Amino acid sequence: MDLAVLYSGGKDSSLAALLLEKFYDIHLITGSFGITDDWQHAAVAADQLGYSFETIELDQDVAEAAVTTMIEDGYPRNGIQRVHEHALEMAAQLDVTAIADGTRRDDRVPTISRAQAQSLEDRHDIDYLSPLSGFGHHAIDELVTERLSIDTGPSVEIPKSDYETELRTLIADRVGPEAVTSIFPAHTQSYVNHLRSNDDT
């Protein structure tokens, strides 16, 4: 069975793939609006994990609408949620049995409700999986430490292929770089280097 995992190159989506690989043929996918080439970071991480990788084209109108929402709100939550839901819709149209993401139990955004998951499955005749939805931060960190070598640091410094980079670019182009700092709170990002071996310390 083929499974497409929405992939950013970070620890959560990487762990989601690892948890599901015993049951599915894993394909990592990164949504891109074609605004930057940051999807390449995910491609490199996917190669290090040994999974196939591809990008899926997202609708730039969705990005523009999300940015408008972020600027009006003064924070990113609703815009990020809108983009994630769009990415899942696009992933559901692929020729796969199931789709998954790395959303966690403690995430504030993005989140997929039970009703949204059911709607996605019913409309596209596909299974939606959220393998980390029962895991808290500590448990995830413990599993990641066992299996993955990662870099962590401020979001603006760590390579990543999530939606945030392209949305930051659009905001900077529309209203200036200072607005990006105002809208996006400082937070820690992760990026996967490779699978851990017994030789890793």
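For the structure itself, look to the data block above.
Residues numbered from 1 in each chain as written. Predicted model: local features only at pLDDT ≥ 70, side-chain atom pairs only at ≥ 80, totals over all residues. Heavy atoms only, no water.

Participant: If you had to explain the overall build of the chain to someone new, which residues and values would you point to?
Facilitator: The helix and strand inventory of the chain stands at 8 helices and 7 strands. Radius of gyration (C-alpha) of the chain: 16 Å, near the 17 Å computed for a compact globule of 201 residues. Each principal axis of the C-alpha distribution contributes one length, and for the chain these read about 50 × 45 × 30 Å. Split into buried and exposed, the 201 residues of the chain put 47% on the buried side. Put simply, of all contacts in the chain between residues at least 6 apart along the chain, 77% involve residues at least 24 apart. (Helix = DSSP H or I, 4+ residues; strand = E, 2+ residues; numbered from the N terminus. Rg over C-alpha atoms; globule rule 2.2 N^0.38 Å. Buried < 20%, exposed > 50% of the residue type's maximum accessible area, 1.4 Å probe, protein only. Contact = heavy atoms within 4.5 Å.)

Participant: I'd like a rundown of the sheet that holds strand E4 (residues 98-100), residues and numbers included.
Facilitator: Reading across from one edge, E3-E2-E1-E4-E5 is the order of the 5 strands in this open sheet, with parallel pairing throughout. Unpaired on one side and paired on the other, strand E3 (52-57) and strand E5 (127-129) mark the two borders of the sheet. With strand direction ignored, the average angle separating the axes of adjacent strands in the sheet is 30°. Across 3 bridges, strand E1 (residues 2-6) lies against E4 in parallel orientation. Paired with Val-5 across the strands is Ala-100, a residue of E4. Along the sheet face, helix H2 (residues 39-49) touches strand E2 (25-32) and E3 and points at about 160° away from the line of E3. (Pairing = 2+ DSSP bridges. Axes fitted to C-alpha atoms, helices over the stretch in contact; angles between N-to-C directions.)

Participant: Explain the pattern of salt bridges to me, using residue names and the numbers behind them.
Facilitator: Applying the stated criterion across every chain, the model contains 7 salt bridges. A salt bridge links Asp-141 to Lys-11, with the nearest nitrogen and oxygen atoms 2.7 Å apart. Placement of Asp-141 in helix H6 (residues 137-147) and of Lys-11 in helix H1 (residues 11-20) is noted, with a sequence separation of 130 residues between them. A salt bridge links Arg-104 to Asp-107; its shortest N-O distance comes to 2.9 Å. Each member of the pair, Arg-104 as well as Asp-107, is classed as buried. When salt bridges that share partners are traced, they join Asp-12, Arg-104 and Asp-107 into one network. (Salt bridge = Lys/Arg side-chain N within 4 Å of Asp/Glu carboxyl O.)

Participant: Tell me about unusual backbone geometry, and name the residues and values.
Facilitator: Glycine aside, residues mostly have negative phi, and peptide bonds are mostly found in the trans state. In the segment running from Val-109 into Pro-110, the intervening peptide bond is cis, with an omega of -10°. Considering the arrangement of structural elements, one finds Pro-110 in the loop between E4 and helix H5 (114-124). With a phi angle near 50°, Asp-125 is a residue other than glycine that sits in the positive phi range. Structurally, Asp-125 is set in the loop between H5 and E5. Classification of Asp-125 by relative accessible area gives exposed; the value is 72%.

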